[in-house]
Amino acid sequence: MMKIIAALLMFIPVLSLANDDMYPEVPCERKVVINDRITRIVLPMTPFRGVNLIFPFKMNDDEVVYSISSDSLWETAQAKGTNVIPITFSEFDVSRWNTVHDLSIGYKDEYVFSIALTAKKVGHCTNVVFILSEKEKKRIEEKEKKDYLEKLDREYKKKLEALDLEASKRVLISLGEVVRSSPNKTRINEEQSLEQENGDEFVVYVRDIKRYGKFNTVSFDLELDTAYSDQVVYIRDIKLFNLKDGKRQGRAIDGVVKYDKKMKGDTSQELMLSTLDALSDTDLVLVVETDKGDVEVVW
């Protein structure tokens, strides 16, 4: 029994040597740090072995440009959306040792990989892994953030433009309805004024209410009656309120009116307040706020 065990122990080294001869070395890995826009490396290759260029990003065909100074020894395969570009020998003979060809790979107008391919007996490494430096990682993150914010801004502007277009269409539809309809008119003919000690008088005269379906208007005039044309009244705001028992009800009616804020002496304005709120014939007050005081016209 001991003789059999001894014989087996003598045979194990022979098996180990046989395995070493049967299997080549495991393909090695070489790491290259990307620090700048152009990355330059020398890439020794042993015929007829191949090299995988492994990048930190996927490379679509329309984003990559390949250029090699000669295809007499090497050929490259496209990444086709992966992050790997294989390089292999197309042919070789002993007269081509130490031959150098230049391979350039451009990615997205952001990176250029300048590679000197050289036929060598030693130094071959099957996997060349490109990794981003911390500086490049930060730069890419900032660029992606900027691109994302710009994309959001473009989308926001498009939505605003679409909303503006839709609003314009609605205005045109409403305008068409107003033009076609005959307004329901209520005459008001109420006036109120603000008199100053020097005799100047600021007058607010409400003419009428017109109703075009859901669209309603209040027409009124502003007049500054003064003996001196250099006198000025500044209008701060114009509001319309509902009244109940002679008191204003809540906030002002939601309406719009366009007016000149500065009024000189002996001038007037014909104005119109427009609203989508329903307006009654009575129990309303138009308030014109000025730097000289407020004027309220009640009806």
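Residues numbered from 1 in each chain as written. Predicted model: local features only at pLDDT ≥ 70, side-chain atom pairs only at ≥ 80, totals over all residues. Heavy atoms only, no water.

**Looking at the confidence of the model for the protein**
Parts of the model with low pLDDT should not have their predicted coordinates read in detail.
Next up, step 1: Of all residues in the protein, 91% have pLDDT values of 70 or greater, and the mean over the chain is 89.
Next up, step 2: Across the protein, element-level confidence peaks in strand E3 (residues 51–54) with a mean pLDDT of 98 and bottoms out in helix H1 (residues 2–22) with 49. (pLDDT = per-residue confidence, 0-100. Helix = DSSP H or I, 4+ residues; strand = E, 2+ residues; numbered from the N terminus.)

**So, the nonpolar core**
Next up, step 1: Within the largest apolar cluster, 30 residues are counted, with the highest numbers of intra-cluster contacts made by Leu43, Leu53, Phe55, Met59, Ile105 and Phe130.
Next up, step 2: For this core, the elements supplying multiple residues, two or more each, are strand E1 (29–34), strand E2 (38–45), E3, strand E6 (84–89), strand E7 (100–107), strand E8 (111–119) and strand E9 (127–132).
Next up, step 3: Ranked by residue count, the leading element in this core is E8, at 5 residues.
Next up, step 4: Setting aside residues no more than four positions away along its own chain, Phe55 makes contact with Asn83, Ile85, Ile105, Phe113 and Phe130.
Next up, step 5: Grouped together as the second largest cluster of nonpolar side chains are 27 residues, Leu194, Met263, Leu273 and Val295 included. (Core = buried A, V, L, I, M, F, W, Y, C linked by side-chain atoms within 4.5 Å. Buried < 20%, exposed > 50% of the residue type's maximum accessible area, 1.4 Å probe, protein only. Contact = heavy atoms within 4.5 Å.)

**Regarding the sheet that holds E3**
Next up, step 1: Across the sheet, which stays open at both edges, the 5 strands sit in the order E1-E9-E3-E6-E5 with mixed pairing between neighbours. The open sheet has two free edges, formed respectively by E1 and strand E5 (74–76), since each of these has just one partner strand. Recorded for the sheet is a direction-independent mean angle of 20 degrees between the axes of neighbouring strands.
Next up, step 2: When E5 meets E6, the two strands line up antiparallel, connected through 3 bridges. (Pairing = 2+ DSSP bridges. Axes fitted to C-alpha atoms, helices over the stretch in contact; angles between N-to-C directions.)

**A closer look at a nonpolar patch on the surface**
Next up, step 1: Where nonpolar side chains cluster on the molecular surface, the patch consists of Tyr148, Leu149 and Leu152 and spans about 300 Å² of accessible area.
Next up, step 2: For Leu152, the position within the fold is in helix H2 (residues 134–180).
Next up, step 3: Judged by its relative accessible area of 36%, Leu152 is partly exposed. (Patch = residues over 30% accessible without salt bridge, like charges linked within 9 Å, V, L, I, M, F, W, Y side chains within 5 Å. Areas by Shrake-Rupley, 256 points an atom, 1.4 Å probe, with all protein chains shown as cover. Salt bridge = Lys/Arg side-chain N within 4 Å of Asp/Glu carboxyl O.)

**Remarks on the pattern of salt bridges**
Next up, step 1: A full pass over the atoms with the stated rule returns 14 salt bridges.
Next up, step 2: Of the charged contacts in the structure, one is a salt bridge between Lys143 and Asp147, with a shortest N-O distance of 2.9 Å. Here Asp147 and Lys143 lie together in helix H2, a separation of 4 residues that amounts to about one turn.
Next up, step 3: Taking the relative accessible area as the measure of exposure, Lys143 reaches 34% and is therefore partly exposed.
Next up, step 4: Notably, a salt bridge pairs Asp208 with Lys210, separated by 3.2 Å at the nearest N-O pair. The same class applies to Asp208 as to Lys210, namely buried.

**Some details on the environment of Asp109**
Next up, step 1: Its place among the elements puts Asp109 in the loop between E7 and E8.
Next up, step 2: For Asp109, a relative accessible area of 72% gives the class exposed.
Next up, step 3: Spatially, the C-alpha atoms of Asp109 and Met45 are 28 Å apart, while their sequence positions differ by 64 residues.

**Some points on the packing of aromatic side chains**
Next up, step 1: Scanning all chains against the criterion turns up 13 aromatic pairs.
Next up, step 2: Judged by centre distance (5.0 Å) and plane angle (10 degrees), the rings of Phe55 and Phe130 are stacked. Within this pair, whereas Phe55 is found in the loop between E3 and strand E4 (64–68), its partner Phe130 is found in strand E9, the two being separated by 75 residues in sequence.
Next up, step 3: The class for Phe55 is buried, based on a relative accessible area of 2%.
Next up, step 4: Residues Phe92 and Trp97 carry aromatic rings whose centres are separated by 4.9 Å and whose planes lie at 70 degrees to one another, so their mutual orientation is edge-to-face.
Next up, step 5: In textbook terms, an aromatic cluster arises when at least three aromatic residues are bridged by ring pairs, as seen for Phe55, Phe57, Tyr107, Tyr111, Phe113 and Phe130.
Next up, step 6: Taking NZ or CZ as reference, Lys121 lies 5.4 Å from the ring centre of Trp97, over its face.
Next up, step 7: Positioned above the aromatic ring of Phe241 is the side chain of Arg248, whose terminal nitrogen or guanidinium carbon lies 4.8 Å from the ring centre. (Phe/Tyr/Trp six-rings, centres within 6.5 Å; stacked < 30°, edge-to-face > 60°. Lys NZ or Arg CZ within 6 Å of the ring centre and 35° of its normal.)

**A closer look at the environment of Ile105**
Next up, step 1: With respect to the element layout, Ile105 can be found in strand E7.
Next up, step 2: Through-space distance from the C-alpha of Ile105 to that of Thr226 is 82 Å; in sequence the pair is 121 residues apart.
Next up, step 3: When residues no more than four places from it in sequence are discounted, the contact partners of Ile105 are Leu53, Phe55, Met59, Val64, Val65, Tyr66, Ile85, Tyr111, Val112, Phe113 and Ile115.

**Focus on the side chain of Ser133**
Next up, step 1: Mapped onto the fold, Ser133 is located in the loop between E9 and H2.
Next up, step 2: Its relative accessible area of 9% is what places Ser133 among the buried residues.
Next up, step 3: At 3.1 Å, the side chain of Ser133 forms a polar contact with the backbone oxygen of Ile34.
Next up, step 4: Excluding anything up to four places from it in sequence, Ser133 contacts Val33, Ile34 and Asn35. (Polar contact = N/O pair within 3.5 Å; in protein donor to acceptor, adjacent residues only side chain to side chain.)

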